[in-house]
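# Analysis of the macromolecular model
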Amino acid sequence: MIKKLAVCFVLIVVMAVSPAVLAQERLARGPQQGTYYQVFLRSFADSDGDGIGDLMGLTGKLDYLAGLGVTGIWLMPSFPAPSYHGYDISDYYGIHPDYGTMEDFETFMREADARGISVILDLVLNHTSTEHPWFQASRDPNSPYRDWYRWSDTGEDVNLNATSFGHRTWNETESGYYAALFWDQMPDLNLDNPDLRQELKNIAKFWLDKGVAGFRLDAVMHVYSFAEMSPGEGAPTELNLAWWAEFADYCRSVDPDCYLVGEVWDAPSTRAQYAVPLSSVFHFDMGETLARAVVNGSNKGNAFVKSMKIEYDHLAEANPNAVNAIFLSNHDQTRISAALRNDTDNMKMAATVYLTMQGLPFVYYGEELGMLGGKPDEYIRTPFLWAEDDPMLCTWIESPHNRKVLRFDAQDADPDSLLAHYRRVMTLRAATPALFAGVLEPLDQPNNAVMSYSMVVPEQTVWVLHNLSNEPQTVLLDGSGAVLFVTYEEGFAANDGSVILPPKCSAIIQK
Ligand code: CA
């Protein structure tokens, strides 16, 4: 009975939290607001002329990022690893020798901090590299590390025919079979082992003590998976959620403001489940949905905005403090420019929409230049297009997709470039509380070519309007107030009865 009453009380409290209070909480939250920038170190900036991006190169470009309006960096895997991508970690306490030294990392952290930029690391806790000393030790059935991985001595107690991501999960060796969900070079860790659980927390503490603001967590929903579990071991989702709750609680005991964002590439209901322990999850699929609306030039019944509102509500219901991590595309997906028909007006429009919405936007490096890239993965992760003669240009791989994309120097000098547009919108977001901390509400008006919503914090309300079409559009809303942003001045007009938006124009009006 007492338990039931407690549940009722919690429900009432959750329902009573107003958007204004939520926004107030968001305002107070340090590393979880502004705009994050996702960096693949190997491709960003090279400081020592070997053609491979590194930490001192990134440090050398921090002024560029600060000027762009970046308030946080998601550093893709920075640890020693045999592969080019680094998702196969062989030492959780080190820095990849291609990327520099621990001293370089500490310098980078100091310089980022000096510019008000938070840093989160890409932590992969589902698997390690086969070259990790733990795995090497675990090949011996008598080693204490044997139980840190999912080994089967005989193969009789597991399903050797199980498959994952198009290949067999179980791999035969001289000393038994090990499970590897993603790739045979990335054996899966056994999170049932208490010593391993403790060690993963030690790793988190090591980096939090070095000043990182938190972690982007890889493969969150795969830590326990049917393909690698023995019959009767339990439900993977429950075991996953319990592990992440334990890990998140621990991280927050070290740093109460620690920001954790999970890769949960699944349905909204599943994302919401993981937002309970982690408090932030990536909003997969929104980029493609937004690109379709932008390319079609219409948003019937404000459908995209309403779909976003449903997602925010879904997350808030699961966790009132949830932060939706919004993005157009990431390192695993075809770069968004392709879905936007490689058209600068479309790219500007998609950027203005997601960079003025509730949540925490993540810009994938090079997106602000309109870089292109598709599978195989290497071509989604090609060098940032600094000037041809920039000594920091990375050359470890050549992109077949980006020969015609305007480089940084050309765009930097052009006030109408995509880069200049990203800079305008991101710096406005960073300086406008209703944008970086606001709560979204759809704004109803009958023009289907126009997307419209308000963003609200207690002390500020802004209206955001986007004309997706190639024709001028009139919006029958009260347009009075300070105009904080308009993509194109010519043909724009706002008065107390209407707003006229030129083609492909966005406007932000403070009410
Ligand atoms: Ca280098």
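The structure we're discussing is the one just above.
Here's a quick rundown of the structure.

Parameters and conventions
- Residues numbered from 1 in each chain as written.
- Predicted model: local features only at pLDDT ≥ 70, side-chain atom pairs only at ≥ 80, totals over all residues.
- Heavy atoms only, no water.
- Donors = N, O, S within 2.8 Å, 3.2 Å for Na, K, Ca; no water.
- Buried < 20%, exposed > 50% of the residue type's maximum accessible area, 1.4 Å probe, protein only.
- Salt bridge = Lys/Arg side-chain N within 4 Å of Asp/Glu carboxyl O.
- Helix = DSSP H or I, 4+ residues; strand = E, 2+ residues; numbered from the N terminus.
- Pairing = 2+ DSSP bridges.
- Core = buried A, V, L, I, M, F, W, Y, C linked by side-chain atoms within 4.5 Å.
- Contact = heavy atoms within 4.5 Å.
- Disulfide = S-S within 2.5 Å.
- Phe/Tyr/Trp six-rings, centres within 6.5 Å; stacked < 30°, edge-to-face > 60°.
- Lys NZ or Arg CZ within 6 Å of the ring centre and 35° of its normal.

## A word on the coordination of the calcium ion
In this structure, Asp 46 (OD), Asp 48 (OD), Asp 50 (OD), Ile 52 (O) and Asp 54 (OD) serve as the protein donors to the calcium ion, at separations of 2.2 to 2.3 Å. On the basis of relative accessibility, which here comes to 16%, the residue Ile 52 falls in the buried class.

## Overview of the pattern of salt bridges
Using the criterion set out here, one finds 23 salt bridges in the structure. Here Lys 306 makes a salt bridge to Asp 444, at a shortest N to O gap of 3.4 Å. With Lys 306 in helix α12 (residues 303-318) and Asp 444 in the loop between β14 (439-442) and β15 (450-457), this pair connects stretches of sequence that are 138 residues apart. A residue is classified by how much of its surface remains accessible, and Asp 444, at 54% relative accessible area, is exposed. In this structure, a network of salt bridges that share partners links the residues Asp 122, Arg 216, Asp 218 and Glu 263.

## Side note on the sheet that holds strand β17 (residues 473-475)
Spatially, three strands are ordered β17-β20-β19 in an open sheet, and the strand pairing comes out antiparallel. Strands with a single pairing partner mark the edges of an open sheet, and in this sheet they are β17 and β19 (493-494). Pairing analysis gives three bridges linking β17 to strand β20 (residues 499-501), with the strands arranged antiparallel. Each residue of the ladder has a partner; that of Thr 474, found in β20, is Ile 500.

## What about the nonpolar core?
Among the nonpolar cores identified, the biggest contains 140 residues, and Tyr 37, Leu 75, Phe 108, Phe 215 and Phe 362 are the most heavily contacted of them. In this structure, Phe 108 is in contact with Leu 55, Leu 58, Thr 59, Leu 62, Ile 73, Leu 75 and Val 119, ignoring residues within four places of it in sequence.

## Thoughts on the state of the cysteines
As used in these notes, a disulfide is a covalent bond between sulfur atoms, one from each of two cysteines. One pass over the structure, following the stated rule, counts zero disulfides. With no disulfide of its own, Cys 258 lies closest to Cys 251 among cysteine sulfurs, the gap being 4.6 Å.

## Side note on the packing of aromatic side chains
Tallied over the full model, the rule gives 38 aromatic pairs. Aromatic side chains Phe 44 and Trp 386 sit 5.5 Å apart centroid to centroid with 70 degrees between the ring planes, which places their arrangement in the edge-to-face category. Of this pair, Phe 44 sits in helix α3 (residues 41-44) while Trp 386 sits in the loop between β13 (360-364) and α15 (408-412), and the two are 342 residues apart along the sequence. Taking the relative accessible area as the measure of exposure, Phe 44 reaches 0% and is therefore buried. Residues Phe 206 and Trp 207 carry aromatic rings whose centres are separated by 5.0 Å and whose planes lie at 85 degrees to one another, so their mutual orientation is edge-to-face. Since its relative accessible area comes to 27%, Phe 206 is described here as partly exposed. For Trp 207, a relative accessible area of 0% gives the class buried. The rings of Phe 79, Tyr 92, Tyr 93, Phe 105, Phe 108, Trp 134, Tyr 145, Trp 148, Phe 206 and Trp 207 are connected pair by pair, giving a single aromatic cluster. Above the ring of Trp 396, the side-chain terminus of Arg 42 is found at 5.9 Å from the ring centroid. For the cation-ring pair, Lys 511 lies above Trp 463, with the distance from its terminal atom to the ring centre recorded as 4.2 Å.

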